[in-house]
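Summary of structural features
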Amino acid sequence: MTGGPRWDRRRLLRTGAAAFGGAGAGWSTSALVAGSASADSASGSASGSVAAPTVIAPSPGAETVPPEGNHQPGVVTPPQAHLALVGWDLHEDATVEHLARMMRLLSDDARRLGQGEGALADTEPELAAHPSRLTVTFGFGPRVLRDLVPASRRPALAELPEFSRDRLRPEWGQSDVVAQICCDDPLTLAHARRMLVKDARAFADVRWIQQGFRNARGTLSQGTTMRNLMGQVDGTVNLAEAEPDFAPLVWADGTSGPEAFAGGTFLVVRRIRMQLERWDRVDRVGREAVVGRRLDTGAPLTGEAEFDEPDFEATDRFGFPVIDPASHIARVRHTTPEERFLRRSYNYTEPDDTRSSGEDSGLLFLAFAADPARQFVPVQQRMDEVDRLNDWIVTIGSAVYAVPPAAAEGGYVGQALLEGTGEQP
């Protein structure tokens, strides 16, 4: 029949994609494109030319984090987009044998889930199929070390001192065991969290679950400093793994502490609530003066770029310091080379009908250090004395953990501390 539309194969494929929106009735955009490519390839062969093969890049969801020697993953791993921090309190009658069994289960879960496999007895293994750089990092609180780890294998860890400006809430306090679960996909993360909580239930009770987020992966160029919910760049002055003093400031080397903890580190957790309703009433100039950095670039007020060294001696035309000595960057500035640590923080926001804003928002401040008392506490004490930012933030949760080295092959995280060996018994 002449005059009507020509329904050749290529037009049919294009029309089918439009009609079904690229999905439905068994069709998908990728299948349609693949079919069209096959048709083009056949056409090219018939005309004597060969079409270039279609290259499909691996999905980011398939990415896994490779082993990091004797260090647990999730410390130097480039931060993923999502965080679930789970704190457990061991049952009152828990023994070292109970904790060892729990850690064996959880370590096996973490290994399998990190490779995109379902945990043992996982009823929904499909939810684990896209690991998306999943990592799980375990730590033990002071009570575990004191009561369950022999003195000869016990790393020195004391609870953080009380700071006068803290308004700590018991529901966000110190727990016995922690798991830092990080992932670029929230569904994968939720499944991993559920598996760990389920397998720990026979040994411990969940004290809290703290969830955090950064920008979605791909939103910013790799290495870009994150921003917090106040709009400020957060973590400009941070340790880099390439620095020569990174290792001694982050990792235990087994010389100043027990050999069983060599390759481990310590984790500081601070839940910092932001008074965003009040922060909204501060103008841009005031915000920059409080922090000491520009909002747009993150540069210090005496510089042009984010990583410019701040000049705390510079004055304006009236003789006043350009950077207020009470500003945030001035107060947290390290006074000795040892007062540095590795930050790995996340934003949080949760519904809260007790607040006028309807939500509780802030920062889950996470820091790894070889010696929190020497590296973190002096900085926090200066903030506690005076910091202009204190008018808009308050710490409501605080905890510290010993993060053991990675599990030996066939073993579990913490085995060298609990059993004195890293080998499978």
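These figures come from a predicted structure and were not determined experimentally. (Residues numbered from 1 in each chain as written. Predicted model: local features only at pLDDT ≥ 70, side-chain atom pairs only at ≥ 80, totals over all residues. Heavy atoms only, no water.)

Some thoughts on the nonpolar core
This is how it is decided: The criterion is simple. A nonpolar core is a set of buried Ala, Val, Leu, Ile, Met, Phe, Trp, Tyr and Cys residues joined through side-chain atoms within 4.5 Å. Only protein chains enter the calculation, and the probe is 1.4 Å; a residue is then buried if its accessible area is under 20% of its type maximum, exposed if over 50%, and partly exposed in between. Strands are runs of DSSP state E lasting at least two residues, helices are runs of H or I lasting at least four, and both sets are numbered from the N terminus onward. Whether two residues are in contact is decided by their heavy atoms: any pair within 4.5 Å suffices.
Residues Trp-88, Leu-90, Leu-99, Met-102, Phe-138 and Ile-181 are the most contacted members of the largest nonpolar core, which totals 71 residues. Sort the elements by how many residues they give to this core and helix H3 (residues 96–114) lands first, with 7 residues. What Leu-99 contacts, discounting residues up to four positions off in sequence, is Leu-90, Phe-140, Val-144, Leu-148, Val-177 and Leu-418. Core analysis: the next-biggest nonpolar cluster, separate from the first, contains 25 residues, Val-75, Tyr-348, Phe-368 and Ile-396 among them.

With respect to the pairing of strand S4 (residues 135–140)
Cut-off, in case you're wondering: Strands are treated as partners if at least two bridges between them are detected by DSSP.
Among the 6 residues in S4, 6 count as buried, and that is most of the element. The sheet contact formed by S4 and strand S5 (residues 177–183) spans 6 bridges and is antiparallel. Its bridge partner lying in S5, Gly-139 is registered against Val-178.

Quick look at the pattern of salt bridges
Heads up, the rule is: The term salt bridge refers to a side-chain nitrogen of Lys or Arg lying within 4 Å of a carboxyl oxygen of Asp or Glu.
This model, assessed by the stated rule, comprises 24 salt bridges. With its nearest N and O atoms 3.0 Å apart, the salt bridge here joins Asp-166 to Arg-270. Remark: Arg-270 occurs in strand S7 (residues 265–274) and Asp-166 occurs in the loop between helix H4 (142–148) and S5; sequence separation between them is 104 residues. Across the pair, Arg-270 and Asp-166 agree in class, each one buried. Via salt bridges that share partners, Glu-63, Arg-133, Asp-184 and Arg-217 belong to a single interconnected network.

What to know about helix H11 (residues 377–385)
For H11, a buried count of 7 out of 9 residues is recorded, marking the element as mostly surrounded by other parts of the structure. Of the positions making up H11, those classed as buried are Val-377, Pro-378, Val-379, Gln-380, Arg-382, Met-383 and Asp-384. Buried residues belonging to H11 abut S7, helix H9 (328–331), helix H10 (372–375) and strand S11 (393–403).

Overview of the pairing of strand S10 (residues 359–369)
Across a regular strand the side chains alternate sides, sitting on one face of the sheet and then on the other. In terms of residue burial, S10 counts as a mostly covered element, since 10 of its 11 residues are buried. Note: S7 against S10, 8 bridges, orientation antiparallel. What sits directly across from Val-269, in S10, is Leu-366. The pairing of strand S8 (residues 342–343) with S10 spans 2 bridges and is antiparallel. Note on S10: the bridge partner recorded for Arg-343 is Ala-367.

Here's the deal with the side chain of Asp-387
Filter applied, for reference: The charge count includes Lys and Arg as positive and Asp and Glu as negative, but it does not include His or the ends of the chains. Between N or O atoms, a polar contact is any pair within 3.5 Å; within protein, one atom must be a potential hydrogen donor and the other a potential acceptor, and residues adjacent in sequence are included only when both atoms are from side chains.
Structurally, Asp-387 is set in the loop between H11 and S11. In this structure Asp-387 is buried but unpaired, with Arg-331 as the nearest side chain of opposite charge at 6.3 Å. Within the structure, Asp-387 has its side chain in polar contact with the side chain of His-328 (distance 2.8 Å). Those residues in contact with Asp-387, other than ones at most four positions away along the chain, are Ala-326, Ser-327, His-328, Arg-331 and Val-332.

Details of the packing of H3 against helix H5 (residues 186–200)
Here is the rule: Every axis in this analysis is a line fitted to C-alpha atoms, fitted for helices over the stretch in contact. Angles between the N-to-C directions lie between 0 and 180 degrees. Relative orientations are named as follows: roughly parallel for angles under 35 degrees, roughly antiparallel for angles over 145 degrees, roughly perpendicular for angles from 65 to 115 degrees, and oblique for any other angle. For any helix crossing, the convention is left-handed if the near helix is rotated counterclockwise from the far helix by under a right angle, and right-handed if that rotation is clockwise. Note on residue categories: nonpolar means Ala, Val, Leu, Ile, Met, Phe, Trp, Tyr, Cys or Pro, charged means Asp, Glu, Lys or Arg, and polar means any other residue, Gly included.
At a closest axis distance of 9 Å, the pairing of H3 and H5 adopts a crossing angle of 160°. The orientation of H3 with respect to H5, classified from their angle, is roughly antiparallel. Every pair of crossing elements has a handedness; the one defined by H3 and H5 is right-handed. Two secondary-structure elements touch here, H3 through Met-102, Leu-105, Leu-106, Asp-109 and Leu-113 and H5 through His-191, Ala-192, Met-195, Leu-196, Asp-199 and Ala-200. Here the residues of the contact of H3 with H5 sort into 8 nonpolar, 1 polar and 2 charged.

Some words on the environment of Phe-261
Here Phe-261 is to be found in the loop between helix H6 (246–250) and S7. Note: C-alpha distance between Phe-261 and Val-403 (142 residues apart in sequence) is 8.5 Å.

Comments concerning the side chain of Gln-80
As for its position among the elements, Gln-80 is in the loop between helix H2 (29–46) and strand S3 (82–90). Other than its neighbours up to four places away in sequence, Gln-80 contacts Arg-133, Leu-134, Thr-135, Cys-182, Cys-183, Asp-184, Arg-214, Arg-344 and Tyr-346.

Topic: the confidence of the model for the protein chain
The cut-off we apply is this: Values of pLDDT, ranging from 0 to 100, describe the predictor's confidence in every residue of the model.
When pLDDT is averaged along the protein chain, the result is 89; 85% of the residues meet or exceed 70. Below pLDDT 50 for its whole length, residues 1–46 participates in 22 contacts with residues either more than four positions away or in separate chains.

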